Amino acid sequence: MASFRPRQFSVVVIGASTGGPAALRTVLGGLPAEFPVPVVVVQHMPPGFTRSLAARLDELGPLRVKEAQDGDTLRPGVALLAPGDYHLIIEAHGTVRLSSDPPECGVRPSVNVTLASAARRYGAGTLGVILTGMGTDGTRGAGAVKAAGGVILAEAESTCVVFGMPRSVMEAGYADDMIPLHGMAAAISRLCRTSRPVLEARYG
């Protein structure tokens, strides 16, 4: 982490699978109320479960967490959770498009799809975070973020329930740092502290 200075980030994309809900509670619950960067979360879950997860995470505060809807726009202070069975794609002006395109790495939503769309939209302004999970989803997307000049943090093996997704990203050479779960929110906040919030939309 010492080799990375804070920069202007436009989006933080967090991906998780097995063990993810508890990890997300730790990370999202540790971000400050004034966190200046929009957050997108991709958690491998079937339809019907992501809405209740968003509600539980929303109760943590200080960030608002909501299940993403087609046409939502990214904004600071809000974490959008990809709904089960839909890929979340970030398009122009930070608008969210939900897609029923085929699963990737056997899953939908796929972290790869969201990270790759963030890299296309925001380039070096993308911060990707890969948390505990089985399989390799997130590796292709992390590669797209790195190719665009962005930064990738991955959860350290010592705190992972399953060291699959972070291991894959690490072994591909895409992880800029491996962070224990209890330090992830602080690492994200430190990297994003110079970012300026840009309000693009309001939700009811």
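Cut-offs applied
- Residues numbered from 1 in each chain as written.
- Predicted model: local features only at pLDDT ≥ 70, side-chain atom pairs only at ≥ 80, totals over all residues.
- Heavy atoms only, no water.
- Helix = DSSP H or I, 4+ residues; strand = E, 2+ residues; numbered from the N terminus.
- Rg over C-alpha atoms; globule rule 2.2 N^0.38 Å.
- Buried < 20%, exposed > 50% of the residue type's maximum accessible area, 1.4 Å probe, protein only.
- Contact = heavy atoms within 4.5 Å.
- Lys, Arg positive; Asp, Glu negative; His and termini not counted.
- Charge placed at Lys NZ, Arg CZ, Asp CG, Glu CD.

Asker: I'd like a description of the overall build of the chain, backed by residues and values.
Answerer: Secondary structure summary: the chain contains 6 helices and 9 strands in total. Whereas a compact globule of 204 residues would reach a radius of gyration of roughly 17 Å, the chain reaches 15 Å, a difference of no more than 12%. Along the longest, intermediate and shortest principal axes, the C-alpha atoms of the chain span 40 × 35 × 30 Å. Within the chain, the fraction of its 204 residues that count as buried is 56%. Counted over contacts in the chain with a minimum sequence separation of 6, partners at least 24 positions apart contribute 73%. In the chain, the 19 positive side-chain charges and the 17 negative ones have mean positions that sit 6 Å from each other.

Asker: Can you lay out the environment of Met170 for me, pointing to particular residues and giving the numbers?
Answerer: In this fold, Met170 is placed in helix 5 (residues 165-171). When the C-alpha atoms of Met170 and Pro21 are compared, they prove to be 22 Å apart, with 149 residues separating the residues in sequence. When neighbours within four sequence positions are excluded, Met170 is seen to be in contact with Phe163, Ala175 and Met178.

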